[in-house]
Amino acid sequence: MIEVNERIEVPSAPRTVWSVLSDPHEVVGCVPGAALGAEQEDGSFDATLTVKFGPAKVAFRARVALELDPAAMSGRVLARGKDDKGGTRIRSNLTFRVEERAEPAGSVVPIEAQVEIGGKLASLVEGGAALVVKRMTREFTERLAARCAAAAA
Amino acid sequence: MKVYQRLAANFKAEGVTHMFGIMGDANMYWMHELDKLGGVKMLEVRHEGAGLGMADGWARATRSVGVATTTCGPGVSQLATAFLTASRAESPIVAFCGEHPTNDQEYNQRLDQARFAAGCEAGFVRLNTPDDADDAVRKAFYMARMESRPVMLSAPMDVQQKTFEDDDEPYKPSSTLIPPRAVRPDPEALRQAADIVAGAKQPVIIVGRGARWSGAGEAVLRLAKRTGALVATTLMAKTWLSEDEYHVGVAGTYGTRTAMRLFEETDCVIAVGASMNRYTIEHGYLFPKARYVQIDSKPHVVMAGGRSADCYVQADARAGVEGLDTLLEERSFRNVGYRTPDVRKQLAGQYEDRKEFPLDPGTVDPREVIRVLEETVPTSISLFTGSGATAGFSNIMFTRQRPLVLPSHFFGCIGQMMPAAMGAVVATGNKPAMLVDGDASVMMHLAEFETMVRYDVPLLIVVMNNEALGSEYYKLHAHDMKSELATIPTPDLGAVARAFGGRGRLARNAEDVRAAAAEWIAKPGPMMIDARISRSVVTLPYRRIHYGEDE
């Protein structure tokens, strides 16, 4: 189990950040290697995610469900996926909240996530997977900030 | 004639010339008889498991049956790890083991050797009666050869002492039972394989040790040129066929990043004498777009991930590749594939690892040790690489072809490669060779250095000494745990080697390593270089596995 516990700082107003984070298309655009597919009847989405564990690339097919609370500007993202090569499973449960930051003006987004990787790859990637997730989180932060800046402009 | 005398004569008739082990009262009479018969050299070792390990090295180097021997009970139980290692290596071995007397079930050294052998994945043949003496030996050698595995021939002490009646009958060795034919490919299977290969734009040929054993080299190179294929090897065939300018080294975790990038576009993998296990194809992730053609002499092989090749051709590797190439030639098939100047440019620097690490004081960069050895030790010298963390340097960075290049790996254990290297050197007529292994590995069977000295085995042991259980050290570090828990200091192993009567040097920098290697090359003999390497330098595989680095 990989635990993510981050506070992302974004130099944009909370409403702007929320507008990006509450739009599945926008959010997926912030995740490196991810692409959004069709929306299902229950409101969840198909998605694909390609992750590099070391030099090895793994392509996951995932189902992503978003639960949003616009009043509290918080949400939960549930994702389950597997790949068709080596039988690797991934399951992630992520919660976030958009808060106002006073100095300098902007937003803080606390993110908590549990990512589970199972199957054959699990033993192969060992501790490396946690660092890969960390790196993805960092890139997510950068992309989110860029998208918020674009949305505000 | 006593049964043990017949058994000894039968071993000789099987063509045995060397054996490794320790004498005890349950194999003593048999050994004494072999000595009397002459022509079989007994190498007395310091641990039965190491003796079996040497027989394993013999088998891996020559593909002929290696022979080990132990007394009953405690002599046998020492064989566990070596049996398992040999079983995973598919090494043909016969271990002649004494067994406690059948008429004394309270015997101090009693052991249920059949159950022990089963647990160790070894074949088992018991000498139940005096009349079994011929059948038992023949069966043990037959099993070892045909099933390519270690076999325990268990001979109860009392049965050995009984009279063998038919001593005027000549013994028929196992070779009289074994057909010499190679497996020919099924034409239909070969046609299917040719269809797949002819439809591929970017093929890769992966050769394993089966291809090497069958002498498929030239045929593989021809097929690679015709199909535009890259040539890669399994770890077990490391450096083989590297004269090909589109050789990409090992496929798997010990591969280069350049190779892995190229494999992403591979649409057809032709596996030759390679099991295609999880390490070679990284559970299938290494070749995401490929269809597989597999040529192997076994009836069938299931690849990693529980999948079958898209076309499996049961054939001797050479016969299979030649057949495939002929079919493609008949179709006038030619493909440029990967064989372009651009790919050759990419491959030029594929083994370079420029990442800088600050070195611990008084130590040398382990990569520098390998570079120096690669440069200074002539290619006429065979190479054995050990297991554990430091294999991550040697299994990638040694790239020159040598008469034998045998990596460790089997059963994932440490300590087994030093005996195997000794056995392989003995098997190849005491030709000088080099073993590069970690400190924990070498310390495990250090006593066998004395065996090396006693028999003047010209093996250079280069200890990649990080004074740690390296794998655990790096794993603990990656998990933010106390990595010092995996550190263990060693004495100066150069001095230890000298105390054992051999030669030895302590090396703390590249020049020390170069000078010590030159000393050995000038006069090969039993020698150990204790190369103190810096723990700060992390192997490429660990950077990938533990830190997710794309290097």
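Residues numbered from 1 in each chain as written. Chains lettered and ligands numbered in written order. Predicted model: local features only at pLDDT ≥ 70, side-chain atom pairs only at ≥ 80, totals over all residues.

J.: Please set out the overall build of chain A residue by residue, giving values where relevant.
T.: From N to C terminus, chain A includes four helices and eight strands. The linear arrangement of helices and strands in chain A, starting from the amino end, is β-α-α-β-β-β-β-β-β-β-α-α. Dimensions of chain A, computed from the C-alpha atoms along their principal axes, are close to 45 × 35 × 25 Å. The 153 residues of chain A split such that 33% are buried. (Helix = DSSP H or I, 4+ residues; strand = E, 2+ residues; numbered from the N terminus. Buried ≥ 20, exposed ≤ 12 C-beta atoms within 10 Å, placed from the backbone.)

J.: I'd love a proper account of the overall build of chain B, names of residues and values included.
T.: On a plain count of helices and strands, chain B comes out with 24 helices and 18 strands. Compactness check: chain B gives a C-alpha radius of gyration of 25 Å against a globular reference of 24 Å for 551 residues, within 12% of the reference. Projected onto its principal axes, the C-alpha positions of chain B cover 75 × 65 × 45 Å. Here chain B holds 551 residues, and the buried ones make up 57% of them. Within chain B, counting contacts between residues at least 6 apart in sequence, those at least 24 apart form 75% of the total. (Rg over C-alpha atoms; globule rule 2.2 N^0.38 Å. Contact = placed C-beta atoms within 7 Å.)

J.: Requested: an account of the nonpolar core, with residues and values cited.
T.: Residues and elements named next belong to chain B. One finds Leu153, Val220 and Val272 to be the most contacted residues of the largest nonpolar core, which totals 198 residues. Considering every element that reaches this core, the biggest residue donor is helix α18 (residues 417-427), with nine residues. Counting 14 residues, the second largest nonpolar core, distinct from the first, contains Ala389, Ala440, Ala486 and Ile545. (Core = buried A, V, L, I, M, F, W, Y, C linked by C-beta atoms within 7 Å.)

J.: Describe the interface of chain A and chain B, with residues and values.
T.: You'll often see interface size given as the accessible area lost when the parts meet. Counting from both sides, the interface comprises 20 residues of chain A and, opposite them, 19 residues of chain B. For the side of chain A that touches chain B, the secondary-structure elements that each account for two or more residues are β3 (45-53), β4 (56-69), α3 (120-125) and α4 (128-152) of chain A. Split by residue class, the side of chain A that touches chain B holds ten nonpolar, five polar and five charged. (Nonpolar A, V, L, I, M, F, W, Y, C, P; charged D, E, K, R; others polar.)

J.: Before we move on, could you go through the sheet that holds strand β17 (residues 503-507) of chain B and cite the residues and values that matter?
T.: Residue and element names in this part refer to chain B. Sheet architecture is open: six strands sit in the order β14-β13-β15-β16-β18-β17, paired in parallel fashion. Only two strands of the sheet have a single neighbouring strand rather than two, namely β14 (405-407) and β17. Strand-to-strand, the axes of this sheet are offset by a mean angle of 15 degrees, without reference to chain direction. With four bridges joining them, strand β13 (residues 382-385) and strand β15 (residues 433-438) adopt parallel strand pairing. For Leu383, the partnering residue across the bridge sits in β15 and is Met434. (Pairing = 2+ DSSP bridges. Axes fitted to C-alpha atoms, helices over the stretch in contact; angles between N-to-C directions.)

J.: Before we move on, could you go through the environment of B:Leu493 and cite the residues and values that matter?
T.: Residues and elements named next belong to chain B. Looking at the secondary structure, you find Leu493 in helix α22 (residues 493-499). On the basis of neighbour count, Leu493 is assigned to the buried category, with 24 C-beta atoms found within 10 Å. The contacts of Leu493, once residues within four sequence positions are left out, are Val463, Asn465, Gly504, Met528 and Asp530.

J.: Could you give an account of helix α16 (residues 366-376) of chain B, naming the residues involved and the relevant values?
T.: Among the residues making up α16(B), those that are buried are B:Pro366, B:Arg367, B:Val369, B:Ile370, B:Val372 and B:Leu373. Where α16(B) is buried, its residues meet α17 (391-397), β15, β16 (459-465), α23 (510-522) and β18 (527-532) of chain B.

J.: So, unusual backbone geometry: which residues are in play, and what are the values?
T.: Residue A:Pro104 is bonded to the preceding A:Glu103 through a cis peptide linkage, with omega at -15 degrees. Phi angles above zero are rare outside glycine, and B:Glu90 is one such case at about 55 degrees. Within the secondary structure, B:Glu90 is located in the loop between α5 (80-88) and β4 (93-99). The phi dihedral of B:His283 is positive, around 60 degrees, even though this residue is not glycine. Take B:His283: it is sitting in the loop between α13 (278-281) and β11 (291-296).

J.: Tell me about helix α1 (residues 3-13) of chain B, and please be specific about residues and values.
T.: All names here are of chain B. For α1, the tally of buried residues reaches nine of eleven residues, placing the bulk of the element in the interior. Among the residues of α1, those classed as buried are Val3, Tyr4, Gln5, Arg6, Leu7, Ala8, Ala9, Asn10 and Phe11. At its buried positions, α1 is contacted by α2 (28-37), α7 (133-146), β6 (150-156) and α8 (157-160). Once α1 finishes, Gly15 follows within two positions and takes phi at roughly 95 degrees, a positive value.

J.: Give me the lowdown on the environment of B:Val538, citing residues and values where you can.
T.: All names here are of chain B. Here Val538 shows up in the loop between β18 and α24 (540-547). For the pair Val538 and Met452, spaced 86 residues apart in the sequence, the C-alpha separation amounts to 32 Å. Residues contacting Val538, with those up to four places away along its chain left out, are Tyr474 and Arg543.

J.: Any details on the sheet that holds β4(B)? Residues and values, ideally.
T.: Residue and element names in this part refer to chain B. Reading across from one edge, β2-β1-β3-β4-β6-β5 is the order of the six strands in this open sheet, with parallel pairing throughout. Only two strands of the sheet have a single partner each, and these edge strands are β2 (41-44) and β5 (123-126). Direction aside, the axes of adjacent strands within the sheet are offset by 25 degrees on average. Bridge analysis of strand β1 (residues 18-21) against β2 gives four bridges, and the strand direction is parallel. Paired with Gly21 across the bridge in β2 is Glu44.

J.: Go over the environment of A:Ile117 with me, naming the residues and quoting the values.
T.: Residue and element names in this part refer to chain A. Tracing the sequence through the fold places Ile117 in strand β8 (residues 106-119). Given 23 C-beta atoms within a 10 Å radius, Ile117 is considered buried. Residues Ile117 and Arg91, 26 residues apart in the sequence, show an inter-C-alpha distance of 6.7 Å.

J.: Describe the pairing of strand β8 (residues 230-233) of chain B, naming the residues involved and giving the relevant values.
T.: All names here are of chain B. Taking every second residue as pointing to the same face, both faces of β8 are buried, with Leu230 and Ala232 on one and Val231 and Thr233 on the other. When strand β7 (residues 203-207) meets β8, the two strands line up parallel, connected through four bridges. Across the sheet, residue Val204 finds its bridge partner in β8, namely Leu230. Bridging between β8 and strand β9 (residues 247-250) involves two bridges; their strand directions are parallel. The residue of β9 that forms the bridge with Thr233 is Val250.

J.: Let's hear about the packing of helix α9 (residues 187-198) of chain B against helix α14 (residues 317-330) of chain B: which residues, and what values?
T.: Residue and element names in this part refer to chain B. Relative to each other, α9 and α14 sit at 60 degrees, their axes nearing to 9 Å. In terms of orientation, α9 and α14 fall into the oblique class. At the point where α9 passes α14, the crossing takes the right-handed sense. For the pair α9 and α14, contact is made by Leu190, Arg191, Ala193, Ala194, Val197 and Ala198 and by Gly323, Leu324, Leu327 and Leu328, respectively. Here the contact of α9 with α14 is built from residues that sort into eight nonpolar, one polar and one charged. (Parallel < 35°, antiparallel > 145°, perpendicular 65-115°, else oblique. Left-handed = near helix turned anticlockwise from the far one by under 90°.)

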